[in-house]
Amino acid sequence: MAKVLWRATVVVHRYLGIAVGALMLMWFASGMVMMYVPYPQLSPAQRLQLLAPISAAQCCEAGTVGLKDDEPIAAMQVQTQLGQLTARIRPDGRPPFAITLAGGAPIGAGAAEVRALAVDAARRITGQNFKIVSADVIDRDQWTVAEDYEFARPLYRFGFDDPRQTQVYVSGSSGDVVLFTTRAQRFWNWVGAVPHWLYFTELRSDGPLWSKVIVWTSIAGGFLTLIGLYIGISQFRRGSRMSPYRGWNY
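These lines cover the structure that appears in this document, whether it is placed above or below.

Rules of the game
Residues numbered from 1 in each chain as written. Predicted model: local features only at pLDDT ≥ 70, side-chain atom pairs only at ≥ 80, totals over all residues. Heavy atoms only, no water. Helix = DSSP H or I, 4+ residues; strand = E, 2+ residues; numbered from the N terminus. Buried < 20%, exposed > 50% of the residue type's maximum accessible area, 1.4 Å probe, protein only. Contact = heavy atoms within 4.5 Å. Areas by Shrake-Rupley, 256 points an atom, 1.4 Å probe, with all protein chains shown as cover. Expected span 1.5 Å × (residues − 1). Bend = angle between axes of the 7 residues up to and from the residue. Pairing = 2+ DSSP bridges. Axes fitted to C-alpha atoms, helices over the stretch in contact; angles between N-to-C directions. Phe/Tyr/Trp six-rings, centres within 6.5 Å; stacked < 30°, edge-to-face > 60°. Salt bridge = Lys/Arg side-chain N within 4 Å of Asp/Glu carboxyl O. Core = buried A, V, L, I, M, F, W, Y, C linked by side-chain atoms within 4.5 Å.

## Here we look at the overall build of the chain
Along its length, the chain carries 7 helices and 7 strands. Moving toward the C terminus, one meets the helices and strands of the chain in the order α-α-β-β-β-α-β-β-β-β-α-α-α-α. The buried share of the chain, reckoned over its 250 residues, is 36%. Restricting to contacts in the chain with at least 6 residues of sequence separation, those with at least 24 account for 56%. Accessible surface, the chain: about 14,900 Å² in total, of which carbon and sulfur atoms supply 62%.

## As for helix H1 (residues 2-34)
With 33 residues, H1 extends 46 Å from end C-alpha to end C-alpha; this agrees with the ideal 48 Å at 1.5 Å per step. Within H1, the axis deviates most sharply at Gly17, by approximately 25°.

## Some words on the sheet that holds strand E2 (residues 84-91)
Spatial ordering of the open sheet is given by E1-E2-E3, a layout of 3 strands whose pairing is antiparallel. Across the chains shown, the open sheet's two edge strands, defined by having one partner strand only, are strand E1 (73-81) and strand E3 (97-100). The mean inter-strand angle of the sheet, taken between neighbouring strand axes irrespective of direction, is 25°. With 4 bridges joining them, E2 and E3 adopt antiparallel strand pairing. Following the sheet pairing, Thr86 is matched in E3 by Thr100.

## Section: the packing of aromatic side chains
Under the definition given, this model contains 8 aromatic pairs. Taking 5.3 Å as the distance between ring centres and 80° as the angle between the ring planes, the aromatic pair formed by Tyr39 and Tyr199 counts as edge-to-face. Of this pair, Tyr39 sits in the loop between H1 and helix H2 (44-49) while Tyr199 sits in the loop between helix H5 (193-196) and helix H6 (201-204), placing them 160 residues apart in sequence. Taken individually, Tyr39 and Tyr199 each receive the classification buried, so the pair is uniform in this respect. Both rings, one in Trp143 and one in Trp190, keep their centres 6.0 Å apart while their planes meet at 75°; by these two values the pair is edge-to-face. Residue Trp143 is located in the loop between strand E4 (132-138) and strand E5 (155-160), and its partner Trp190 is located in helix H4 (residues 183-190); the two are separated by 47 residues in the primary sequence. The buried category is assigned to Trp143, whose relative accessible area is 5%. Here the aromatic cluster, defined as three or more aromatic residues joined through ring pairs, consists of Tyr39, Trp143, Trp190, Trp197, Tyr199 and Trp210.

## Overview of the pairing of E1
Note that E1 and E2 share 8 bridges and pair antiparallel. Considered in E2, the bridge of Ala75 is made with Arg90.

## Thoughts on the environment of Met24
Along the chain, Met24 falls in helix H1. Look at Met24 and you get partly exposed, because its relative accessible area is 42%. Separated by 172 residues in sequence, Met24 and His196 have C-alpha atoms that sit 9.5 Å apart.

## Things to note about the pattern of salt bridges
Going through the model one piece at a time under the given rule, you end up with 8 salt bridges. The salt bridge partner of Arg140 is Asp139, with a shortest N-O separation of 3.2 Å. On the basis of relative accessibility, which here comes to 26%, the residue Arg140 falls in the partly exposed class. We classify Asp139 as partly exposed; its relative accessible area is 42%. Put simply, Asp120, Arg123 and Arg124 are held in one network by salt bridges that share partners.

## Brief notes about the nonpolar core
Nonpolar side chains in soluble globular proteins tend to be buried together. By size, the foremost hydrophobic cluster in this structure holds 17 residues, and its most contacted members are Tyr39, Trp143, Tyr169, Val178, Leu179 and Tyr199. Where this core is concerned, the elements lending two or more residues are strand E7 (177-181) and H5. When neighbours within four sequence positions are excluded, Val178 is seen to be in contact with Leu42, Tyr149, Ala152, Leu155, Tyr169 and Ser171. Core analysis: the next-biggest nonpolar cluster, separate from the first, contains 16 residues, Val114, Ile132, Phe160 and Val170 among them.

Just geometry here; none of it tells us what the structure is for.
This is the structure:
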């Protein structure tokens, strides 16, 4: 029985080691890419770049904003949108909305508005006026799969004909430009962050399942380490070869 258990331990370690070793190699290589190309997201500097200067002459009559007197507000932002001074209000626990500060009227996020916002954002990103070559409405894709965009859905995604093939994402609920990506970012993240975090769209869309995969993958790696230590110490105490393997498995 002892020999059977020993043999089973060696075999399990061998093939689990091959699988997890390949995973570790992938994590190493993709981690190197991540050092130089981060996952697409808007930095504070990029958010400012996408906004027009604020004119105080347009301010201010807040009017009715659709909030109860005691309703908590998580955040509020004043900005210029398509020539109007607006306030973006994010109540605690429900989707954000926007109003004009010139009269308190709500601002919609219709197809024409978000298209104009995307064109303006692309001009600020690229420094030139480029044409829209693709436009669609999505719930999520590879770059907007995280919960951070939950209140921004649905998303309008616009592709431009600039050399970097910029794509701009505009929130269908608030009209905010929430993200932009370039062809280089998308390519390098497919060999960087996406495999490193196991961030594939279908898997990441299911948060609990993605968490379980990460946890069980970590458990498999920990188990491999423990039985590897056991095999190594056992071989040393027996005075045998340091490895019980032969050939390619050595």
